[in-house]
Amino acid sequence: MRIVLLTPEQAAAVTRYAESARAWFGRLLDLFRSLARQVARAGIAIAEFLRRQDAAPLGAATRRRPAWMSPYGPPTGRHRRR
């Protein structure tokens, strides 16, 4: 490993760049914090909305679907309703 000494101007430039990078990462961290707060608020709002909903099953989900809506297609042969 070779140690290189910096001139005062180079050391000042490195310090400026490091400070600039620190400030940029600080702003990025603030944006992530803000985003996390918004996501948490949205999650809380969704949870409260779902808690207020009735626990009764949906009417459409309890009825039999028509054959044309079946993922397996309509019944064939003797099982077909006439």
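Quick summary incoming for the structure in this document. Quick caveat, the model's predicted, so the values are computed rather than measured. Starting from 1, residues in each chain are numbered consecutively following that chain's sequence as written. Reporting of local features is limited, given that this is a predicted model, to residues whose pLDDT is at least 70; pairs of side-chain atoms are given and counted only at 80 or more, and all residues count toward the totals for whole chains, interfaces and linings. To obtain the side-chain values, all non-hydrogen atoms of the structure were included, while hydrogens and water were left out.

1. Things to note about the overall build of the protein chain
A run of H or I in DSSP counts as a helix once it spans at least four residues, and a run of E counts as a strand once it spans at least two, with each numbered from the N terminus. In terms of regular secondary structure, the protein chain is built from two helices and zero strands. Only protein chains enter the calculation, and the probe is 1.4 Å; a residue is then buried if its accessible area is under 20% of its type maximum, exposed if over 50%, and partly exposed in between. Within the protein chain, buried positions represent 1% of all 82 residues. Total accessible area on the protein chain stands at roughly 8500 Å², and carbon and sulfur atoms take up 62% of it. Here the Shrake-Rupley method, with its probe set to 1.4 Å, supplies the accessible areas, and only the displayed protein chains count as covering residues.

2. Quick notes on the packing of aromatic side chains
Only rings of Phe, Tyr and Trp enter the pairing, Trp through its six-membered ring, and a pair is recorded when the two centres are within 6.5 Å. The plane angle decides the type: under 30 degrees is stacked, over 60 is edge-to-face, the rest tilted. A full pass over the atoms with the stated rule returns one aromatic pair. A centroid spacing of 4.9 Å and a plane angle of 80° characterise the contact between Trp 24 and Phe 25, whose relative ring orientation is edge-to-face.

3. A closer look at the pattern of salt bridges
Pairing of side chains with opposite charge becomes possible as their charged atoms draw close. Just to be clear on terms, a salt bridge is a Lys or Arg side-chain nitrogen sitting within 4 Å of an Asp or Glu carboxyl oxygen. One pass over the full model with this rule turns up two salt bridges. Linking Glu 19 and Arg 22 is a salt bridge whose minimum nitrogen-to-oxygen distance equals 2.9 Å. Taken together, the residues span about one helical turn, with Glu 19 and Arg 22 both in helix 1 (residues 8-52) at a distance of three residues. Residue Glu 19 is classed as partly exposed on the basis of its relative accessible area, which comes to 41%.

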